[in-house]
Amino acid sequence: MKTEITLRLKEQPSIPVEAESINPENLKGKSLKEIYHLPLWSGNRRQKLEDYFEVEITESGGEAEEAKVLQSEDNLAKVVLAGDLSRFKRLGQGMAAGEMEIRGSVGFHAGASMRGGVLRIKGNAADWLGAHMEGGQIMVEGSAGHFVGAAYRGKTQGMSGGTILIRGSAGQMTGSRMRRGLIAVGGDCGDVPGFKMLAGTILISGACGIRAGANMRRGTIVLLQPTRLLPSFYYNCCYRPVFWGILVQELRQKGFELPHADQDFSFQRFSGDANEGGKGEILICQSN
Amino acid sequence: MLKIVNGQVYDPLNGVNGEVREIVIDHGMIVEPSPDQKISETINASGCVVMPGGIEIHSHIAGAKVNSARSMCPEDHYDHFKVSTAGIRSGTGYTVPSTFLTGYEYSRLGYTTAFEAAVPPLEARHAHEELEDTPLLDSGIYTLMGNNYMIMKVLSEQDEIGRRERLRDLVTWLLTSSKGYAVKVVNPGGVESWKWSQGSVDLDTRVPPFGIAPRKLLQELVEVIRELKLPHGLHLHANHLGEAGNFITTLETMRTLEGYPVHFTHLQFHSYGMTKKGGIRSAAREIAEYLNGHPEFTCDIGQIVFGPATTMTADSPMQFRLHQMTGNKWINSDVEMETGSGIVPMMYRPSVLFNAIQWCIGLELLLLIKNPWQIVLTTDHPNAGPFTSYPQIIRLLMDRDYRNSVLEQLHPKTVNYTHLRELDREYSLEEIAIVTRSAPARALGLSHKGRLGIGAEADVAIYRIQDDKEKMFAGPAYVLKGGKVVVRDGEVLQSFAGKRLIVEPDGAKTLLPDLARNFADYYSIELSNYAVQDEYLSRPEVIPCI
Ligand SMILES: [Zn+2]
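Residues numbered from 1 in each chain as written. Chains lettered and ligands numbered in written order. Predicted model: local features only at pLDDT ≥ 70, side-chain atom pairs only at ≥ 80, totals over all residues. Heavy atoms only, no water.

Participant: Pulling in residues and values, what's your account of helix α7 (residues 214-228) of chain B?
Facilitator: Residues and elements named next belong to chain B. Here α7 contains 15 residues, and its C-alpha end-to-end distance of 21 Å stays within 8% of the 21 Å for a straight helix at 1.5 Å per residue. Taken across its 15 residues, α7 has 11 buried, putting it largely inside the fold. Burial in α7 covers these residues: Pro214, Arg215, Leu217, Leu218, Glu220, Leu221, Val222, Glu223, Val224, Ile225 and Leu228. Directly after α7, the chain includes Lys229, whose backbone phi takes a positive value near 55°. (Helix = DSSP H or I, 4+ residues; strand = E, 2+ residues; numbered from the N terminus. Expected span 1.5 Å × (residues − 1). Buried < 20%, exposed > 50% of the residue type's maximum accessible area, 1.4 Å probe, protein only.)

Okay, here's the thing in structure tokens:
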């Protein structure tokens, strides 16, 4: 038995809504009425969830179903949101467990500071997806905006754990100042991915914008398409890294297929950013 | 009329030391109690101490650099905000709070007066605009003159009598144009030297373009300040701030200025000896010993507080060094003919030996300088820490066991370079009242402040007596500003603008004609747009030069 709470958007609001109260843990054990009365801020007005959503609680059975459900050990209901939620900010922000699925697009800060659980976004995500994320997994079927997994303005460390998988493209400053974790982009990526990155891994399958890895201290950026690097990155060697095969397998297990990726790819390795000690690396695929 | 009864009154200027006294307030002033008064409100202060409102002698709370720090450090704002309530505005920021919040936070500690410590005349309008929005505080600004082109030009003139007169006119004009309260000097000559791509300066280094040595600049400025009878002496941030071995320069500066009224600011940063390896050690004993023999000098501490800080000063070469040392972000500004400026955010950590020694030196000065009237409690906010940490520092001064317990958590080598562990002194409530109120009032020449006698302004702080002195001073039971209750149980009740304290010394009200030509040639604005107009000060109060 698994409980599913479905929130259907009635109509798109004219101004953005702060929706950090919507996440599996916060909905746990609440009655329909209590859920309808959850606060949502819109501009300077405190409103209620019922102003925007119709809520349905269903019990879905069947063992086959159950097997597919991730992380149900703490008995959290699966939360489903349906509709164009691109004006809803902070969905799944700070969530630590459970599963949340959004059948539509989401606004800024989705999954920001997330600590665990799974957040699935069937549409597109706006800027600051998974900013300061500490753990868990975010899957985006569409594309993501700028500052995926990045540090907020003035903060020195961004994402410090977890996985962000984006099937489409990502915007600029992806993984800026990230410290740990994995970001994989199936499509193209904007400028300066991995800016000032401290550790962790960024994989970009499509074309990459300018200045990848600028000011990076450590960490790995994997580029499957050729690109021009900054002069502060220098060539080391061409090799077949062992971790690549493991990474491809892991991504596959998580349902993230790289269309043409082969476990046996060889890569050119570049060290950089030399301005910051040169302990980071950019790997550019040779075999593509 | 309002009456405060049953409180233990601390009024060091009038020799009242904890005796229970009645205080009657009428029209914002303290008046003589008499039986036929119509009392509309009585505050029962039993179990409380009653002190004059706190006076901040050196803090960076308004103006160009403060505001640049706000925009430079969004990380200072995310987790620190205040939601608006009836009549009270919202605000953000921990080490650099927004204007209204700055006023509220000072008020919530029982402070009722504060001075912005470093304003280039060119940026004075901005500082005054922000102070208009910093409520519940009487305030003023110190005008920067230690690296001013025109000052140095006048000092380079040969004719001694003419030079003195011209300097007096120039200082007067700069003070009145900026609506300043005191003359501030930051790293005399050192900023100008850096602007010419030259190294740091000692007292006798000749600084381009006029070859003026910092010693001469200081000597002539203190002479002029004495002649003009300014209420506050020279407010001096000496050379070599933060450098190992700088106490030699500090002592030499003090000897040079002996007999003149000088306030040495954030003295902690200027009391460093040097170890064999070039690190810092405490020279608080040497500095304190000197000051104990020179009652004409006052100082404030600039006590380090562990945690985040935002350093901001006109000492731009020093800020460049700090930026290179820490790798932290940095803003630098060249303020035309007047000075420089730099901002670098910092984190002081007990596990970092340098920071731990700095922390000890500040407390050592506070404990070794015998006469509390010479010393003022500050954190050089927000350079060494935020002013909101004052209650914690008060506890460190009043509670030796607490002090030693913190000392034990510092870098283990700290004790090798400091004397703090050997110091047993604990401050009394009277001494706390002196270093936070009465001493700054006296050093600033504010005769109606820092005391509770008849005729004093009714700025009053009432604290519930508690064993934990940090708790006691962090949440006053009542704070009165100009006779109105503005804080009750740590909550701000109402908000209104304080007075702006200015001086009108007896000197020229216009710029000397030859300097006006320099002004036209080199400044980016017109002379006619330079002076801060009267309209910028809604409640000015002229403190007499006598
Ligand atoms: Zn200062």
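Participant: I'd like to hear about the coordination of the zinc ion, residue by residue, with values.
Facilitator: Residue and element names in this part refer to chain B. Only His58 (NE2), His60 (NE2) and Asp380 (OD) from the protein reach the zinc ion as donors, at distances of 2.0 to 2.1 Å. The sequence motif formed by the donor residues of the zinc ion is H-x1-H-x319-D. In this pair, His58 sits in strand β6 (residues 54-59) while Asp380 sits in the loop between β20 (375-376) and α12 (390-398), placing the two residues 322 residues apart along the sequence. Each member of the pair, His58 as well as Asp380, is classed as buried. (Donors = N, O, S within 2.8 Å, 3.2 Å for Na, K, Ca; no water.)

Participant: I'd like a description of the interface of chain A and chain B, backed by residues and values.
Facilitator: For interface size, the figure often reported is the accessible area lost on association. Listed per partner, the contact involves four residues of chain A and five residues of chain B. Taken together, the two surfaces of chain A and chain B that pack against each other cover about 350 Å², and 55% of this comes from carbon and sulfur. Area buried by chain A at its contact with chain B is led by A:Arg153, A:Gly154 and A:Lys155, which between them contribute 88% of it. At the surface where chain A touches chain B, the tally comes to one salt bridge. For A:Lys155, the salt bridge goes to B:Asp79, with nearest N and O atoms at 3.8 Å. Applying the counting rule to chain A against chain B returns one residue pair in polar contact (both at pLDDT 80 or more). When its residues are assigned to classes, the side of chain A that touches chain B shows one nonpolar, one polar and two charged. (Contact = heavy atoms within 4.5 Å. Buried area = accessible area lost by both parts, 1.4 Å probe. Salt bridge = Lys/Arg side-chain N within 4 Å of Asp/Glu carboxyl O. Polar contact = N/O pair within 3.5 Å; in protein donor to acceptor, adjacent residues only side chain to side chain. Nonpolar A, V, L, I, M, F, W, Y, C, P; charged D, E, K, R; others polar.)

Participant: I'd like a rundown of the packing of helix α8 (residues 247-256) of chain B against helix α9 (residues 284-292) of chain B, residues and numbers included.
Facilitator: Residues and elements named next belong to chain B. One can describe the packing of α8 onto α9 by two numbers: an axis separation of 10 Å at closest approach and a directional angle of 10°. One way to sum up the angle between α8 and α9 is to call them roughly parallel. Mapping the contact onto sequence places Phe247, Thr250, Leu251, Met254 and Arg255 in α8 and Glu286, Ile287, Tyr290 and Leu291 in α9. Residues that form the contact of α8 with α9 fall into these classes: six nonpolar, one polar and two charged. (Axes fitted to C-alpha atoms, helices over the stretch in contact; angles between N-to-C directions. Parallel < 35°, antiparallel > 145°, perpendicular 65-115°, else oblique.)

Participant: Pulling in residues and values, what's your account of the pairing of strand β12 (residues 180-185) of chain A?
Facilitator: All names here are of chain A. Most of β12 sits inside the fold, with five of its six residues counted as buried. For strand β11 (residues 160-166) and β12, the ladder comprises five bridges, and the chain directions are parallel. Paired with Leu165 across the strands is Ala184, a residue of β12. Bridge analysis of β12 against strand β13 (residues 201-204) gives four bridges, and the strand direction is parallel. Bridge pairing in β13 places Leu182 opposite Thr201. (Pairing = 2+ DSSP bridges.)

Participant: Residues and numbers for the sheet that holds strand β2 (residues 17-18) of chain A, please.
Facilitator: Residue and element names in this part refer to chain A. Taken in spatial order, the four strands make up an open sheet running β4-β3-β2-β7, and their pairing is mixed. Looking along the sheet, the strands with just one partner apiece sit at the ends: β4 (45-48) and β7 (88-89). Relative to strand β3 (residues 39-42), β2 runs antiparallel, the two being bridged by two bridges. Bridge assignment links Val17 to a residue of β3, and that residue is Ser42.

Participant: So what's going on with the confidence of the model for chain A? Residues and values would help.
Facilitator: Parts of the model with low pLDDT should not have their predicted coordinates read in detail. Mean pLDDT over chain A works out to 93, with 94% of the residues at or above the 70 mark. Contacts for the low-pLDDT stretch residues 66-71 of chain A, under 50 throughout, to residues beyond four places or in other chains number eight contacts. (pLDDT = per-residue confidence, 0-100.)

Participant: How would you explain the state of the cysteines if you had to name every residue and give the values?
Facilitator: Applying the stated criterion across every chain, the model contains zero disulfides over all chains. Distance from the sulfur of A:Cys238, which forms no disulfide, to the nearest cysteine sulfur (A:Cys237) is 7.3 Å. Not part of a disulfide, B:Cys299 finds its nearest cysteine sulfur in B:Cys360, a span of 18 Å. Residue classification places B:Cys299 among the buried positions, given a relative accessible area of 0%. (Disulfide = S-S within 2.5 Å.)

Participant: Outline the sheet that holds strand β18 (residues 331-335) of chain B, supporting the account with residue identities and numerical values.
Facilitator: Residues and elements named next belong to chain B. Spatial ordering of the open sheet is given by β17-β19-β18, a layout of three strands whose pairing is antiparallel. Each edge of the sheet is formed by a strand with only one pairing partner; in this case those strands are β17 (307-313) and β18. Ignoring strand direction, the axes of neighbouring strands in this sheet form an average angle of 15°. One ladder, built from five bridges, connects β18 with strand β19 (residues 339-348); its direction is antiparallel. When the sheet's bridge partners are listed, Asp334 is paired in β19 with Gly340.

Participant: Before we move on, can you summarise the confidence of the model for chain B with the specific residues and values?
Facilitator: Averaged over every residue, the pLDDT of chain B is 97; the share at 70 or more is 100%. For this predicted complex, the interface confidence reaches an ipTM of 0.82, while the overall pTM sits at 0.93.

Participant: Which residues make up the pattern of salt bridges, and what are the values?
Facilitator: Residue and element names in this part refer to chain B. All told, the structure shown has 43 salt bridges over all chains when counted by the stated rule. Between Lys195 and Asp334 there is a salt bridge, with the nearest N and O atoms lying 2.9 Å from each other. With Lys195 in helix α6 (residues 190-195) and Asp334 in strand β18, this residue pair connects regions lying 139 residues apart in the sequence. Between Lys481 and Asp459 there is a salt bridge; the shortest N-O distance is 2.8 Å. Highlighted residues: Lys481 in strand β22 (residues 478-481) and Asp459 in the loop between α14 (429-443) and β21 (460-464), separated in sequence by 22 residues. Exposure remark for Lys481: the relative accessible area of 4% places this residue in the buried category. On the basis of relative accessibility, which here comes to 6%, the residue Asp459 falls in the buried class. In the salt-bridge network here, residues are joined through shared partners; they are Asp138, Lys449, Glu457, Asp459, Lys481, Lys499 and Glu541.

Participant: Could you give me a rundown of the packing of aromatic side chains, with the residues and numbers involved?
Facilitator: Residue and element names in this part refer to chain B. Scanning the entire structure with this criterion turns up 27 aromatic pairs over all chains. Taking 3.6 Å as the distance between ring centres and 5° as the angle between the ring planes, the aromatic pair formed by Tyr106 and Phe387 counts as stacked. Taken together, the residues span a long stretch of sequence, with Tyr106 in helix α2 (residues 99-108) and Phe387 in the loop between β20 and α12 at a distance of 281 residues. We classify Tyr106 as buried; its relative accessible area is 0%. Centre to centre, the rings of Phe320 and Trp330 are 5.1 Å apart; their planes meet at 45°, and the pair counts as tilted. Note that Phe320 is positioned in helix α10 (residues 316-326) and Trp330 in the loop between α10 and β18, a separation of 10 residues in sequence. Taking the relative accessible area as the measure of exposure, Phe320 reaches 26% and is therefore partly exposed. (Phe/Tyr/Trp six-rings, centres within 6.5 Å; stacked < 30°, edge-to-face > 60°.)

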